[in-house]
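Each chain, written out:
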Amino acid sequence: MSQAPADFLAPMQQLAREAGGLLMSFFGKVAIEYKGEADLVTKADRASEKLIVEAIRKQWPDHDLVGEEGSRTETGSDYRWYIDPLDGTTNFAHGYPVFCVSLGLEFRGELFAGVIYDPTRDEMFCAAKGAGARMNNHQIHVSQTPLLKESLIATGFPSRKRHQNPNINFYHQLTLRSHGVRRAGSAALDLCYVACGRYDAFWEFNLNSWDTAAGVLIAQEAGGKVTNFSNGPFTIDSAQVMASNGLLHDELLKEFAAIFAGRVEGLPTAEEYLKSR
Ligand code: IPD
Ligand code: CA
Ligand code: CA
């Protein structure tokens, strides 16, 4: 018999808290290793994934899973876990306290339950399909900000293929149309911050399933809207993610369409700007 999504939340939270505790035991003490030119990894990423994967395999031996650091179980199970054992590795590796553990669970191809734990603030975000979203056991809801020009929004820049990423243009244009664009370095927490109203929207190019699975469900269950950049439905393999409070989604999409079409405000040269003061 299949279980209700909410039945998973207590064990998922316990697991995320244990993994978060393990991350804190390494924080400030780990050496940086490289997966790519600027793609970092540490002992803590691997230790956290090992802890999580061993616990899932013990408790739910018939579930499939995918972990960022290489863990895979593929049996065709109805259940599939998406594990980011440390989201915000670059921050973590530099001692910047913005990172989390993210556990997303899918049932028959649909997001079902998600837990994200920030051990530096002891903030536990979670959501079960159809049951709303919570932070430390309080119901959370997206903001009510109606307009982009009154919003605080966020984005991120993946380290892979960074030379080809056009996001800096979007960052620039949206900075000019909002109260500001934050780039804190943890996509999973960015989605939670949309869910609890600290941000009004978040977007990023080229995210992976382990970055988004839990956070997208938490944002949706908090009343948010999540799509791709052309207002199509978000799917777990959508590399594009746009999450918002719903109210300013259309306005954001319009800005994206304009930027894709090349209608952008230019910049003076640095020299011109310096002279203008
Ligand atoms: C990264 C973070 C970052 C985002 C990158 C992700 P990682 O995940 O979420 O905010 O901009 O796209 O890859 O590598 O720290 O788990
Ligand atoms: Ca990640
Ligand atoms: Ca990671």
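No experiment lies behind these values; they were computed from the predicted model shown.

Turning to the coordination of the calcium ion (ligand 3), a few remarks are in order. Looking at the calcium ion (ligand 3), one finds its protein donor set to be Glu68 (OE), Asp84 (OD) and Leu86 (O), positioned 2.1 to 2.4 Å from the metal centre. Spacing between the donor residues of the calcium ion (ligand 3) along the chain follows E-x15-D-x1-L. Distance-wise, the calcium ion (ligand 2) is placed 3.8 Å from the calcium ion (ligand 3), both being coordinated by Asp84. On the criterion of sequence distance, the pair formed by Glu68 in the loop between strand S3 (64–67) and strand S4 (72–73) and Leu86 in strand S5 (residues 79–87) is long-range, its members being 18 residues apart. Neither residue differs from the other here; Glu68 and Leu86 are each classed as buried.

Looking now at the domain arrangement of the protein. Where interface size is given, it is often the accessible area lost as the parts come together that is meant. Domains assigned within the protein are domain 1 (5–140) and domain 2 (148–260). Taking only C-alpha atoms into account, the centre of domain 1 sits 20 Å from that of domain 2. The partner domain 2 presents 29 residues to the 41 residues of domain 1 that form the contact. In total, domain 1 and domain 2 occlude about 2,500 Å² of area from one another, counting both sides; carbon and sulfur atoms represent 63% of this.

Turning our attention to the pairing of strand S13 (residues 201–204). Burial along S13 is two-sided: Ala201 and Trp203 and Phe202 and Glu204, pointing in opposite directions, are all buried. Across three bridges, the pairing between strand S11 (residues 152–155) and S13 is parallel. The residue bridging Ala154 from the neighbouring strand is Phe202, located in S13. Relative to strand S15 (residues 241–244), S13 runs antiparallel, the two being bridged by four bridges. Paired with Glu204 across the bridge in S15 is Val241.

Definitions and limits used
Residues numbered from 1 in each chain as written. Chains lettered and ligands numbered in written order. Predicted model: local features only at pLDDT ≥ 70, side-chain atom pairs only at ≥ 80, totals over all residues. Heavy atoms only, no water. Donors = N, O, S within 2.8 Å, 3.2 Å for Na, K, Ca; no water. Helix = DSSP H or I, 4+ residues; strand = E, 2+ residues; numbered from the N terminus. Buried < 20%, exposed > 50% of the residue type's maximum accessible area, 1.4 Å probe, protein only. Domains from an automatic or database assignment. Contact = heavy atoms within 4.5 Å. Buried area = accessible area lost by both parts, 1.4 Å probe. Pairing = 2+ DSSP bridges.

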